[in-house]
Amino acid sequence: PKCQRLLGTSVILCGWVHRIRDKGGLLWIDLRDRYGVTQLILAEGTTTPALIQRARALGREYVLQVTGTVVERSAKNPQMPTGDIEVQVQQLVVLSASQTPPFLIETETDGGEELRMQYRYLDLRRRPLQDNLQLRHQVMQQTRQYLNEHQFMEIETPMLIKSTPEGARDFVVPSRMHPGQCYALPQSPQLFKQLLMIAGYDRYYQLVKCFRDEDLRADRQPEFTQIDCELSFVTQEDILDLFEGLIRHLAEAILHKKIAPFKRLTYADAMRLYGTDKPDLRLEMPFMELTTSLQGKGFQAFDEAALVAGICVKGCAGYTRKQIDALTDFVRQPLIGAKGLVYIKCLEAGRFKSSVDKFFDQEALSHCAKAMQAQPGDLLLILAGAAHATRQALGALRLQLGNDLGLRKASHWAPVWVVDFPLLAWDAAAQRYQARHHPFTAPQQQDISRLDTHPEAVRAHAYDLVINGVEVGGGSIRITDQAMQKQILRLLGFSEEEARQQFGFLLEALAYGTPPHGGIAIGLDRLCALLGDEDSIRPFIAFPKNNAGRDVMLQAPAVLVAEQWQALGIQPS
């Protein structure tokens, strides 16, 4: 309807030649720009022969400026916003010619990912990537709108900072003016946003670039963007409620869908029920512990195990031997490490068929089925072994079944806040404790007395936001007491001198009236991938790196010229 209102009007369009169709007396050109595709028409009798001849010489991706009249299209295309009209060309100017692109600029292209990343500026002309970047733009705008409405202030923090040894590896930037010294690119604005709270800016946010020199995978890049926030005079519950509201706002504004209130799950329960602190709750199949009920029956694999646990797969008692063998091979992979898989099929009339019929009679199998809340038609899958390894293997099996059954492609979201993380984790290689989140996370008040005697049992005021098995964000309540911060740094192996050198500015700032505060960082790239229903974050980044961390378009990283090394006072190896 909007296009039809333009009928009879003269327009000027600029864009790229998407496709040309030549039918002799009629020539159609699809002209593409960021807003879509418009059909141009040149017809013998209404268009000069010279203009038609010039149009026939055009190639794909030529940049044109066209002047013409909007007319009604004889063969309408309801799939196109401009499908009811076309533009009768009167003037045509070639603004720029183009070589033949190395792949088709189409929704479905013939170019592989590495080739398309080499010519990313061409790939970005394709509609799927244009839609992805439009979605990212909307997420950023809606995030700013939501946070602004909640009295947040957007404040930029430095990109050139001091390197710290904690966490992932830093990208370092040698200083020409200070030979032998380096800046680091920030992995997070963590310390700056805490200093902003001490300075009295009680609600801060920033859509900020962060950098980590770590191994790559589909949901990681060496540089990434996060929605970084910090608040003063709040509790953990205040933060969870506020940022649950942000996610629900984004889902409604962009996907036009409402999300139910988020579940809450302690770290201990997540590990016990799903074997991971990033559970995909689109799947049911929580773990059921069967150790006491299945041991003592003469089945050695169960009797010698620290843990016997299983999952109930609804409606899958009809699985064939071949399907169960495939699952057994899956859990026996070296990366998963289970020794075997026991199955129990829950048949009609209270009968059961199992791979351990020799050791367990029908009554014992029925007792097991009741313990796992199984119904006729369900399939029970059981693993046994060391507790941690068994839960990990069962978690991998649960996700594999979710993939096989198509449950992880479900369009609904299953968000959960995972809370009550351990404050510390023991690093056996380094023979010291590491912070589970970061060294500035506050211990829970009721656990502080254990810091000196049982540090591993201390729970943190930390929380992660997990949606569909993906960690989308996380944060914590921060330490606001100088003595407590020094104690945590000592537990992490910092000497007093090392603590002063690395974090002296923070320790000093904590002595000048620090409000209670906490915050969160949400991965913008991961959030966009979730909203766009993609597994990888790369389609939502204009110029991403490949799996090796390289920019194949720029050929970066690259070797510096000798003069640059010399100016930095560095001798390359």
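Remember, it's a predicted structure, so these values are computed and weren't measured experimentally.

Cut-offs and rules
Residues numbered from 1 in each chain as written. Predicted model: local features only at pLDDT ≥ 70, side-chain atom pairs only at ≥ 80, totals over all residues. Heavy atoms only, no water. Helix = DSSP H or I, 4+ residues; strand = E, 2+ residues; numbered from the N terminus. Contact = heavy atoms within 4.5 Å. Areas by Shrake-Rupley, 256 points an atom, 1.4 Å probe, with all protein chains shown as cover. Pairing = 2+ DSSP bridges. Axes fitted to C-alpha atoms, helices over the stretch in contact; angles between N-to-C directions. Core = buried A, V, L, I, M, F, W, Y, C linked by side-chain atoms within 4.5 Å. Buried < 20%, exposed > 50% of the residue type's maximum accessible area, 1.4 Å probe, protein only. Parallel < 35°, antiparallel > 145°, perpendicular 65-115°, else oblique. Left-handed = near helix turned anticlockwise from the far one by under 90°. Nonpolar A, V, L, I, M, F, W, Y, C, P; charged D, E, K, R; others polar. Phe/Tyr/Trp six-rings, centres within 6.5 Å; stacked < 30°, edge-to-face > 60°. Expected span 1.5 Å × (residues − 1). Bend = angle between axes of the 7 residues up to and from the residue. Salt bridge = Lys/Arg side-chain N within 4 Å of Asp/Glu carboxyl O.

Engineer: I'd like a rundown of the overall build of the chain, residues and numbers included.
Structural biologist: If you tally the helices and strands in the chain, you get 16 helices and 22 strands. Each principal axis of the C-alpha atoms in the chain carries an extent, and together these give about 95 × 75 × 50 Å. Sequence separation of at least 24 residues holds for 66% of the intrachain contacts in the chain that already meet a minimum separation of 6. Only carbon and sulfur atoms are counted for the fraction: they give 52% of the accessible area of the chain, which is about 29200 Å².

Engineer: I'd love a proper account of the sheet that holds strand E17 (residues 415–419), names of residues and values included.
Structural biologist: Pairing within the open sheet is mixed, and its eight strands lie in the order E6-E9-E10-E22-E21-E20-E17-E11. Among the strands making up the open sheet, the edge pair consists of strand E6 (153–154) and strand E11 (263–266). Where E17 meets strand E20 (residues 462–467), five bridges bridge the pair, whose relative direction is antiparallel. If you follow Val 418 over to E20, its bridge partner there is Asp 464. This element, helix H7 (residues 267–274), spans E11 and E17 of the sheet and lies at about 90° to E11.

Engineer: Pulling in residues and values, what's your account of unusual backbone geometry?
Structural biologist: A cis amide bond links Ala 556 with the next residue in sequence, Pro 557, at an omega value of 5°. Residue placement: Pro 557 occurs in the loop between helix H15 (524–531) and helix H16 (562–568). The phi dihedral of Gln 151 falls on the positive side, at around 65°, and the residue is not glycine. Assignment of secondary structure puts Gln 151 in the loop between helix H4 (127–149) and E6. You will see that Asn 468, though not glycine, has its phi angle at about 55°, which is positive.

Engineer: Can you break down the nonpolar core residue by residue, with the values?
Structural biologist: Counting residues in hydrophobic clusters, the biggest one holds 78 residues, and the most contacted among them are Val 139, Phe 243, Trp 417, Ile 522 and Leu 527. Element by element, the count of residues in this core is highest for helix H6 (residues 236–255), at nine residues. Setting aside its immediate chain neighbours within four residues, Trp 417 contacts Leu 240, Phe 243, Glu 244, Phe 262, Lys 263, Arg 264, Leu 265, Tyr 463, Asp 464, Leu 465 and Ile 520. Counting 24 residues, the second largest nonpolar core, distinct from the first, contains Ala 338, Tyr 343, Leu 381 and Leu 397.

Engineer: Can you explain the packing of helix H13 (residues 482–491) against helix H14 (residues 496–509)? Please cite residues and give values.
Structural biologist: Taken N-terminus to C-terminus, the directions of H13 and H14 make an angle of 160°; their axes are 11 Å apart at the nearest point. It follows that H13 is roughly antiparallel to H14 by the angle criterion. Our pair here, H13 against H14, has a crossing hand that is right-handed. Contacts from Gln 482, Gln 485, Lys 486 and Leu 489 in H13 reach Ala 499, Phe 503, Leu 506, Leu 507 and Glu 508 in H14. When grouped by side-chain class, the residues that make up the contact of H13 with H14 number five nonpolar, two polar and two charged.

Engineer: Report on the packing of aromatic side chains, specifying residues and quantitative values.
Structural biologist: Enumeration over the complete set of coordinates arrives at 12 aromatic pairs. Considering the side-chain rings of Tyr 119 and Tyr 121, the 6.2 Å spacing of their centres and the 70° angle between planes classify their relative orientation as edge-to-face. Residue Tyr 119 is classed as partly exposed on the basis of its relative accessible area, which comes to 25%. Ring geometry for Trp 426 versus Tyr 433: centroids 4.9 Å apart, planes at 75°, classification edge-to-face. By relative accessible area, which is 15% here, Tyr 433 ends up buried. Connected via pairs of aromatic rings, a cluster forms that spans Phe 299, Phe 302, Phe 359 and Phe 360.

Engineer: An account of H14 is needed here, citing residue identities and associated values.
Structural biologist: Helix length check: H14, at 14 residues, gives a terminal C-alpha distance of 17 Å against a target of 20 Å (1.5 Å per residue), a shortfall beyond 12%. A maximum bend of about 90° is found in H14 at Phe 503. Each element contacted by the buried residues of H14 is listed here: helix H5 (190–198) and H13.

Engineer: Describe the side chain of Glu 106, naming the residues involved and giving the relevant values.
Structural biologist: Within the secondary structure, Glu 106 sits in the loop between strand E5 (85–96) and helix H2 (113–118). The exposure class assigned to Glu 106 is buried, which follows from its relative accessible area of 15%. Among residues more than four places away in sequence, those in contact with Glu 106 are His 18, Arg 19, Arg 60 and Arg 126.

Engineer: With reference to specific residues and values, describe the sheet that holds strand E2 (residues 26–33).
Structural biologist: Overall, mixed pairing links the five strands, which are arranged E1-E2-E3-E5-E4 in a closed barrel. On average, adjacent strands in this sheet sit at an angle of 55° to one another, irrespective of strand direction. Across six bridges, the pairing between strand E1 (residues 10–22) and E2 is antiparallel. Following the sheet pairing, Asp 22 is matched in E2 by Leu 27. Sitting on the sheet, helix H1 (residues 49–56) is in contact with E1, E2, strand E3 (36–43) and E5, with an inclination near 65° to E5.

Engineer: Could you give an account of the pattern of salt bridges, naming the residues involved and the relevant values?
Structural biologist: Between side chains of opposite charge, a pair can form when the charged atoms approach closely. Under the definition given, this model contains 35 salt bridges. One salt bridge connects Glu 61 with Arg 32, and the closest N-O pair in it is separated by 2.7 Å. Remark: Arg 32 occurs in strand E2 and Glu 61 occurs in the loop between H1 and strand E4 (63–72); sequence separation between them is 29 residues. One exposure class covers both Glu 61 and Arg 32, and it is buried. Notably, a salt bridge pairs Asp 277 with Arg 436, separated by 3.8 Å at the nearest N-O pair. Of this pair, Asp 277 sits in the loop between H7 and strand E12 (288–289) while Arg 436 sits in the loop between strand E19 (432–435) and E20, placing them 159 residues apart in sequence. You can call Arg 436 partly exposed: its relative accessible area is 30%. Connected via shared salt-bridge partners are Arg 19, Arg 21, Asp 30, Arg 60 and Glu 106.

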